[in-house]
Amino acid sequence: MSAMLLTQQILNGLLDGVYYLLIALGLSLIFSLGGIVNLAHGAFYAIGAYLTLVISPHLGFGGAFVVAPVVVALFGVVIERTLFRRFYRSDPILSLLLTFGLAMVAEQALRMIFGAPPLSYSIPPGLRGQVAIGSFIYSFYRVVLLGIAVACVLGLWVLLQKTSFGRVVRAGVQNPDMVSALGISLQPYMSVVAALGIGLAGLAGVLLAPIYSIHPAMGQEIITPAFVVVVIGGLGSFWGVVLAALLVGLVKGVMVGIGYSAASTAAIYLLMLLVLLFRPRGLFGERIMRFE
Amino acid sequence: MSNTNQFTRRSLLKTAGGLALASGLSAPSILSAQTSDVIRIGHLTPRTGFLGPLGEYGVMAIDLAVEEINAAGGMMGRKVELLKEDSINPQTASTKAERMIERDKVACIIGEISSASCLTIAQVATRNKTLFINTGGNSDALRGKDCQRYMFHVESQNSMYVKTVGRSFLRDGLVKGKKWYSLTADYAFGHDLLNVSKRFMQANGGNFAGDDLVPTDATDFSAYLLKIREAKPDLVVINLAGNQITNFLKQYAEFGLTFPVGGFGFDTALAWAAGKGNFVGTWPVVWHHLLDTPGSKAFVAAFTKKYNKPPENQAWGDYIATKIVAQSINELKSAESPKIIEHFEKGAKFDLLKTRPGYFRASDHQLMHEMYAVTALPADKIKNQWDIFSSSPAVPGPDEPLEVIASTAEENVCKFPS
């Protein structure tokens with residue numbers, strides 16, 4: 001294989017990782033702050049994709065891009081207010097069962113509303129075509145997708161690092177009792193975090209609807225690699241998750257590139273195993289007392 | 001949130017592992033009382049996972065078939081009761097088949113799409129001397145080294161798919177001296193299909209520029225598409241299955257690749273999901289909804305009336321298998337599997353909604369019938385979301401025996417275990 005093709009595969013793999021990132025960041029945030037392993041996260045991604053189908057005939061893809069993630073985020077707030085909040089202080093296995101059930105309910109609901117066969121949706125005309133970066137020819141849509149994803153990640157980082165909102169959330173991750181002792185109620189923060197995390201999953205659904213098959217179980221396809229990313233990255237670490245997502249994409253892409261495509265899925269689990277052997281908290285996992 | 005929260009990293013890992021296990025679980029079926037005035041038929045097919053969307057067409061079709069059979073007086077005057085389950089994976093399929101036969105006393109089992117699950121169901125069926133009709137598993141091995149006395153195949157074997165569409169490729173000069181790039185689903189069906197397609201290429205003087213195995217859970221094909229662009233093949237050959245095909249087609253269009261595309265395995269629902277402009281290439285099917293025969297037209301009309309969309313090829317498989325069973329039981333006045341099998345092996349002819357009737361070949365239990373190669377229409381010729389391809393005439397042609405597209409006894413040796 002030529003060095004050129006290898007370079008292409010590395011770049012493509014990194015790009016591929018960015019899609020996982022949109023799912024994994026929300027998953028990590030909700031788990032870090034609320035201790036809830038949201039198995040329904042993939043379902044929100046699927047809902048985002050299906051909403052794109054519903055909204056775009058009326059408002060176009062641009063309209064779906066704005067409206068669908070907001071609607072999904074509102075779903076997130078409702079779920080947080082009515083269900084998640086009851087489980088912050090209970091045995092985590094209960095919240096696990098809750099979100100597992102929620103994922104099944106959502107998938108079956110999509111099946112009942114839209115039918116089991118996959119539905120068709122294409123890249124909007126203005127976003128089709130190729131761009132050439134030197135001799136590297138790449139899908140224009142994916143470059144746009146990359147731009148949006150990077151903007152989201154940076155926006156989230158600024159929100160968490162540079163605002164008072166972010167400071168409370170980060171403090172809540174480390175020591176919720178101390179935050180309460182200081183007279184700050186974490187409840188509204190949890191709602192916003194759920195809205196952000198779940199809204200991001202919805203956004204991923206919108207962005208990937210034009211290039212992936214849209215079917216009721218599409219959430220299951222993305223949730224497992226997203227979990228792998230969270231575990232590799234380490235809890236509580238923003239950049240750990242970012243790095244892990246890129247690594248997972250890279251490993252998958254390069255395995256295909258060098259002719260070991262059959263092992264490309266297995267390779268990310270092997271990567272997870274190796275990372276955990278040497279760094280049991282994940283790459284940049286912080287020491288969070290209540291999770292030790 | 002306080003110290004009562006006992007969630008540790010260790011439990012997170014356990015969760016990730018548990019996910020894989022839990023996804024194999026499903027709700028138990030409801031036990032119904034035994035009565036002798038009904039005939040039970042078991043239906044097993046994947047309804048979730050990457051083959052789930054196709055399984056759903058099978059379910060819709062068998063519901064329609066049983067409804068029609070019951071309206072026409074049932075089987076031997078007895079009402080047909082259908083037991084339907086999601087087969088999920090080979091292990092679960094085998095457990096459910098066992099339960100249907102031993103506890104529910106089904107007359108036969110119909111269905112399946114995964115070749116791997118077909119094999120485990122066939123083993124249970126043969127052990128219990130109960131007929132199993134495979135409506136969607138393609139691998140040649142099921143008709144060859146893994147063939148079973150109690151398993152019959154309405155679905156065509158991979159060899160028939162390859163030889164059907166292979167005629168189109170030969171006609172278009174895409175075989176001799178040409179190089180192909182193939183993507184193959186990494187499980188029993190794909191491996192088998194790759195073997196058959198390599199045999200076809202060797203026999204016809206072509207070669208492979210590359211072939212990649214694709215994990216069944218892969219959704220992103222960009223890495224493969226970059227390799228294909230670099231390899232500049234004369235034909236991209238798709239041996240994928242289920243949602244993989246839709247994902248591939250959408251992304252092939254996205255990356256603007258223009259090499260001719262063809263596939264050896266295909267389902268119309270996947271082309272419909274890829275949509276206008278994304279669906280390209282020439283593909284083989286056992287049946288399609290545009291067939292101009294009275295039987296097909298009636299089936300398409302009844303199905304469309306009930307479900308508001310036309311049936312696809314998987315629907316035909318489950319529908320026709322059920323009709324074959326009903327016709328045989330009524331003619332024989334017996335629902336005993338050994339008698340039905342004897343009837344099939346004697347070469348009984350069945351109307352398959354095509355131009356010629358078909359029959360099961362006694363040597364490997366494969367249904368001998370006509371197939372078709374469909375070619376994607378250019379975007380400006382497409383009138384609606386369903387009629388997005390044109391069809392070849394029936395393969396084999398009217399003057400040829402039906403067996404010419406099937407594997408020969410030497411290519412695929414079947415010795416029924418006695």
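Residues numbered from 1 in each chain as written. Chains lettered and ligands numbered in written order. Predicted model: local features only at pLDDT ≥ 70, side-chain atom pairs only at ≥ 80, totals over all residues. Heavy atoms only, no water.

## Quick notes on the overall build of chain A
Item 1. Secondary structure summary: chain A contains 10 helices and 2 strands in total.
Item 2. In chain A, the succession of helices and strands from N to C terminus is α-α-α-β-β-α-α-α-α-α-α-α.
Item 3. Its C-alpha atoms give chain A a radius of gyration of 19 Å, within 12% of the compact-globule value 19 Å for 292 residues.
Item 4. Overall size of chain A, expressed as C-alpha extent along the three principal axes, is 60 × 50 × 35 Å.
Item 5. In chain A, which comprises 292 residues, the share counted as buried stands at 57%.
Item 6. When contacts within chain A are restricted to residue pairs at least 6 apart in sequence, those whose partners lie at least 24 apart make up 75%.
Item 7. On chain A, roughly 11300 Å² of surface is accessible, and the fraction owed to carbon and sulfur atoms is 73%.
Item 8. If you average the places of the 15 positive and of the 8 negative side-chain charges in chain A, the two averages end up 6 Å apart. (Helix = DSSP H or I, 4+ residues; strand = E, 2+ residues; numbered from the N terminus. Rg over C-alpha atoms; globule rule 2.2 N^0.38 Å. Buried < 20%, exposed > 50% of the residue type's maximum accessible area, 1.4 Å probe, protein only. Contact = heavy atoms within 4.5 Å. Areas by Shrake-Rupley, 256 points an atom, 1.4 Å probe, with all protein chains shown as cover. Lys, Arg positive; Asp, Glu negative; His and termini not counted. Charge placed at Lys NZ, Arg CZ, Asp CG, Glu CD.)

## Focus on the overall build of chain B
Item 1. Assigned secondary structure in chain B consists of 12 helices and 14 strands.
Item 2. Against the compact-globule benchmark of 22 Å for 418 residues, chain B has a radius of gyration of 22 Å, which places it among compact chains.
Item 3. The buried share of chain B, taken over its 418 residues, is 61%.
Item 4. With the model as given, the accessible surface of chain B reaches about 15300 Å², and the carbon-plus-sulfur share is 54%.
Item 5. Averaged over its 45 positive side-chain charges, chain B has a centre that lies 2 Å from the centre of its 43 negative ones.

## Observations concerning the side chain of N412 of chain B
Item 1. Mapping N412 of chain B onto the fold places it in the segment after strand 14 (389-391).
Item 2. Owing to a relative accessible area of 12%, N412 of chain B belongs among the buried residues under this scheme.

## Things to note about the interface of chain B and chain A
Item 1. On the chain A side, the residues contacting the 49 residues of chain B number 65 residues.
Item 2. Contact between chain B and chain A buries roughly 5000 Å² in total, counting both sides, with carbon and sulfur atoms accounting for 58%.
Item 3. Run the count over chain B and chain A and you get 2 salt bridges.
Item 4. Residue R142 of chain A is joined to E254 of chain B by a salt bridge in which the shortest nitrogen-to-oxygen separation is 2.8 Å.
Item 5. Every element with two or more residues in the side of chain B that touches chain A is listed here: helix 1 (9-22), helix 2 (52-71), strand 7 (207-214), helix 7 (222-231), helix 8 (243-254) and helix 9 (268-274) of chain B.
Item 6. Of all the elements, helix 7 of chain B adds the most residues to the side of chain B that touches chain A, at 7 residues. (Buried area = accessible area lost by both parts, 1.4 Å probe. Salt bridge = Lys/Arg side-chain N within 4 Å of Asp/Glu carboxyl O.)

## Regarding helix 1 (residues 3-34) of chain A
Residue and element names in this part refer to chain A.
Item 1. Here helix 1 contains 32 residues, and its C-alpha end-to-end distance of 45 Å stays within 8% of the 46 Å for a straight helix at 1.5 Å per residue.
Item 2. At Y20, helix 1 shows its maximal bend, which comes to roughly 35°.
Item 3. Burial within helix 1 is extensive, with 25 of its 32 residues counted as buried. (Expected span 1.5 Å × (residues − 1). Bend = angle between axes of the 7 residues up to and from the residue.)

## Some thoughts on the sheet that holds strand 4 (residues 131-134) of chain B
Either a parallel or an antiparallel arrangement is found when strands of a sheet pair, and the pairing is made through backbone hydrogen bonds.
Residues and elements named next belong to chain B.
Item 1. Reading across the sheet, the 5 strands line up as 2-1-3-4-5 and stay open at both edges, with parallel pairing between neighbours. The sheet is open, and its two edges are formed by strand 2 (79-86) and strand 5 (151-153), each paired on a single side. Ignoring strand direction, the axes of neighbouring strands in this sheet form an average angle of 25°.
Item 2. Where strand 4 meets strand 5, 3 bridges bridge the pair, whose relative direction is parallel. Paired with N134 across the bridge in strand 5 is H153.
Item 3. Contacts from helix 2 reach strand 1 (38-45), strand 2 and strand 3 (108-111) within the one sheet, and its direction differs from that of strand 2 by about 170°. (Pairing = 2+ DSSP bridges. Axes fitted to C-alpha atoms, helices over the stretch in contact; angles between N-to-C directions.)

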